[in-house]
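The primary structure of each chain is shown beneath.
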Amino acid sequence: MARPFIRALFPGSFDPITNGHLDVIHRSLNLFDELIVGVGNSPLKNPLFTLSERVELIAELITDMPNVRVQSYDCLTTEYAAGIGATVILRGLRNLTDVQYEFQLAMTNRAVAGIETVFVMTCEQYGFTSSALIREIAALGGDVSNLIPQCVYKKLREKLKMSGKYPADKLD
Ligand code: ADP
């Protein structure tokens, strides 16, 4: 019997996408037939990048991945997954702290929507990388260039300069 087509959803804030997120995407390329990177609106998280900026950055980074697409959504993750026909949620794990939170989220999603979550562990190199830390370090003038893709780094600097959050002595 032919195996069913498997579409997975990788949901997140991606504010902005980091090398850690990209590593999870690369590692899952052969696990599913199609991967949709779903950028959640998450207004309560007060994102630095707009929804369309976050989507555009990801789109730029997946151009050479034919079975990966990016979309934004503004509803419950499980509702969105059902709407696009995704039968699996993909999430990344960095450390044991992630496991605790992600375990709870995955159990809840399974209980309310019957959807399974697949976890992929990031490469050790990005085990401490988070979008929040990157925003914070960059806002204080720290060098985060080896933790995020080049296009994201450029956009992050532009964004922080525009917002006046980038220290004057670190400006080019
Ligand atoms: P959310 O607000 O949904 O947690 P994030 O963009 O912070 O959105 O994270 C999306 C997913 O990517 C989560 O599963 C998170 O654990 C995972 N993730 C974030 N950073 C990394 C990283 N450096 N390595 C692996 N997975 C990561």
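Scope of this entry: the structure provided in the associated data block.

**What to know about a nonpolar patch on the surface**
Okay, so step 1: A surface patch of nonpolar side chains, about 400 Å² in accessible area, is lined by Leu 96, Val 99, Phe 103 and Met 107.
Okay, so step 2: Along the chain, the position of Phe 103 falls in helix 4 (residues 96–113).

**Notes on unusual backbone geometry**
Okay, so step 1: Cis geometry marks the peptide bond from Asp 15 to Pro 16; its omega dihedral reads 0 degrees.
Okay, so step 2: Mapped onto the fold, Pro 16 is located in the loop between strand 1 (7–12) and helix 1 (19–28).
Okay, so step 3: At Phe 14, a position not held by glycine, the phi torsion is positive, near 50 degrees.
Okay, so step 4: Within the secondary structure, Phe 14 sits in the loop between strand 1 and helix 1.
Okay, so step 5: Judged by its relative accessible area of 2%, Phe 14 falls in the buried class.
Okay, so step 6: Of note, Asn 46 is a non-glycine position whose phi angle comes to about 50 degrees, a positive value.
Okay, so step 7: Inspection of the secondary structure assignment puts Asn 46 in the loop between strand 2 (34–40) and helix 2 (51–61).

What counts and how
Residues numbered from 1 in each chain as written. Predicted model: local features only at pLDDT ≥ 70, side-chain atom pairs only at ≥ 80, totals over all residues. Heavy atoms only, no water. Patch = residues over 30% accessible without salt bridge, like charges linked within 9 Å, V, L, I, M, F, W, Y side chains within 5 Å. Areas by Shrake-Rupley, 256 points an atom, 1.4 Å probe, with all protein chains shown as cover. Salt bridge = Lys/Arg side-chain N within 4 Å of Asp/Glu carboxyl O. Helix = DSSP H or I, 4+ residues; strand = E, 2+ residues; numbered from the N terminus. Buried < 20%, exposed > 50% of the residue type's maximum accessible area, 1.4 Å probe, protein only.

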